[in-house]
Structure formats: structure tokens, C-alpha cells
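Breakdown of the fold
Take a look at the letters that make up each chain.
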Amino acid sequence: MGNKKYKIGYTTGVFDLFHIGHLNILKRAKDLCDYLIVGVSTDELVREYKHKKPVMSYFERSSIVEAIRYVDKVVPQTTMDKIQAFKELNFEVMFHGDDWKGTPLYDKYKKEFEKVGVKMVFLPHTPGISTTDVKESIQKGHS
Ligand code: CTP
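Each chain carries its own residue numbering, running from 1 in the direction its sequence is written. Two thresholds apply to this predicted model, a pLDDT of at least 70 for residue-level local features and 80 or more for giving and counting side-chain atom pairs, whereas whole-chain, interface and lining totals are computed over all residues. Side-chain measures here rest on the full set of heavy atoms in the structure, leaving out hydrogens and waters.

**Describing the environment of Leu123**
To keep things clear, this is the line we draw: Elements are defined by DSSP. Helices are runs of H or I of four residues or more, strands are runs of E of two residues or more, and each kind is numbered from the N terminus. In this description, contact between two residues means that some pair of their heavy atoms is separated by no more than 4.5 Å.
Considering the arrangement of structural elements, one finds Leu123 in strand β5 (residues 119-123). Aside from chain neighbours lying at most four places away, what touches Leu123 is Ile25, Arg28, Ala29, Leu32, Phe95, His96, Gly97 and Asp98.

Here's what the structure looks like:
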């Protein structure tokens, strides 16, 4: 404890059908902070902004994320308002996969975070895997 670049870090996601891309980002985030908080999107939030139903419930998804050794605390992500999360959790850095880098939404978050002194750090996205890919490959079947 105490020798990492940041003290409290925060990252978010759905983490449905937990896969290697999820594990990689949590490890990379924890490599940079002493205490990693993960906001797992609630079923309601996924319905609202992705217009789909996760395969695994919030309870299942958050229980799996909580059991990962790189994760110190899990909180429900109930809103896309990241500043609201900052007010409650007081992290100094937010991590995200670099697939979102440069998007209007994340440019907006970056500016809002700068005003309150929070750094936004993009970590390498793992190529070739996503929850959507896993679902599609199961639907197609393996032979
Ligand atoms: N992530 C990653 N590499 C991947 C997939 C996800 O680094 N190959 C990261 C995302 O950038 C995010 C976190 O893992 O920071 C949670 O991702 P999630 O919201 O669960 O996204 P996907 O697995 O990509 O799901 P979907 O296909 O539904 O978008």
C-alpha cells in the first residue's frame, strides 16, 4: 500500500458474462491505485442507456466483480452522471477502456472532472472480446 501513482481510483461497466477484457482492465486499474472502486451498472441503468437486459443480474455481476482480487469495493452505478459518483466516493482518478476515448460523452466527462481535479485515465482496451461477442459466439454455436 502507498507506493502507487494514485490512492483512490474508480472505474465502471456492466461486467455481464465476465470475460478477459474485464479482468485486464481491473488489473491495469489496480496497478495504478491503492484502492479500486468499481461501479457496476444496475439492471435499470443498462435498460435505460443500452436498451437491453443483461444476461446476469446485478447481484450476480456485482458478486463476481467483488470477488476479483484487484477490486477493493463495488458500488451500484445507478446514473451515468459521473460527477454525482465523485461527490459520493471522492476518487482522484477515473479509469476507462480507451474504446471510449475521444467520444463526445467522454470528452464531456473529462472536462467536468478537470474542474473538480479528477484525472481521467484511459487504459488499453483488450482487442477481440466483448460481452456482445461472447453472446454472438454462443448464439452461432461452436463446431
Ligand atoms: N473492456 C476492455 N476490453 C474489452 C471489453 C471491455 O477494456 N475487450 C472494458 C470497458 O472499456 C469498460 C469495462 O471493461 O471499462 C466494462 O466493460 P463492459 O461495459 O462490460 O463492456 P463490454 O464487455 O464491451 O460489453 P458490451 O459488448 O455490452 O458493450
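**Digging into the site of the ligand**
How we decide: We call a residue near a given molecule or strand whenever any one of its heavy atoms falls within 4 Å of it. In protein, a polar contact means a hydrogen-donor-capable atom and an acceptor-capable atom, both N or O and within 3.5 Å, with residues adjacent in sequence counting only if both atoms are side-chain atoms; elsewhere, any N or O pair within 3.5 Å suffices. For the accessible areas, the method is Shrake-Rupley and the probe is 1.4 Å, while residue cover comes only from the protein chains on display.
If you check the shell around the ligand, you find 19 residues, and the closest are His19, His22, Thr126, Ile129 and Thr132. Between an oxygen atom of the ligand and a side-chain N or O atom of His19, the distance comes to 2.8 Å. Gly97 places a polar main-chain atom, nitrogen or oxygen, 3.4 Å from an oxygen atom of the ligand. Out of a free accessible area of 590 Å², the ligand has 89% covered by protein chains. For the shell around the ligand, the secondary-structure elements that each account for two or more residues are β1 (6-13), α1 (20-32), β4 (93-97) and α6 (131-140).

**Examining the sheet that holds strand β3 (residues 73-77)**
Note the threshold: Here, strands pair whenever DSSP counts at least two bridges between them. Every angle, taken between N-to-C directions, lies between 0 and 180 degrees, and every axis is a line fitted to C-alpha atoms, over only the stretch in contact when it is a helix.
Strands sit in the order β3-β2-β1-β4-β5 across an open sheet of five strands; the sheet is parallel. Strands at the two margins of the open sheet, each flanked by one partner only, are β3 and β5. On average, each strand axis in the sheet is inclined to that of its neighbour by 30 degrees, with strand direction left out of account. Where β1 meets strand β2 (residues 33-41), seven bridges bridge the pair, whose relative direction is parallel. Of the residues in β2, the one forming a bridge with Gly13 is Val40. Contacting β2 and β3, helix α3 (residues 58-67) runs over the sheet at an angle of about 165 degrees to β2. Across the sheet, helix α4 (residues 82-89) lies against β1, β2, β3 and β4, angled at about 140 degrees from β1, the strand it touches most.

**Notes on the pairing of β2**
For the record, the criterion: Buried means the residue's accessible area, taken with a 1.4 Å probe over protein chains only, is under 20% of the maximum for its type, while exposed means over 50%, and partly exposed covers the values in between. The handedness of a crossover follows from its direction of travel: if, with the strands pointing away from the viewer, the path from the first strand over the helix to the second runs clockwise, the crossover is right-handed.
Where burial is concerned, most of β2 is hidden: eight out of the nine residues are buried. Taken together, β1, α1 and β2 constitute a β-α-β crossover, and its handedness is right-handed.

**Focus on the environment of Ile129**
Tracing the chain through its elements places Ile129 in the loop between β5 and α6. Note on Ile129: relative accessible area 22%, which makes it partly exposed. Sequence spacing of Ile129 and Phe18 is 111 residues, and the spatial spacing of their C-alpha atoms is 11 Å. Excluding residues within four positions of it along the chain, Ile129 makes contact with His19, Ile20, Gly21 and Val134.

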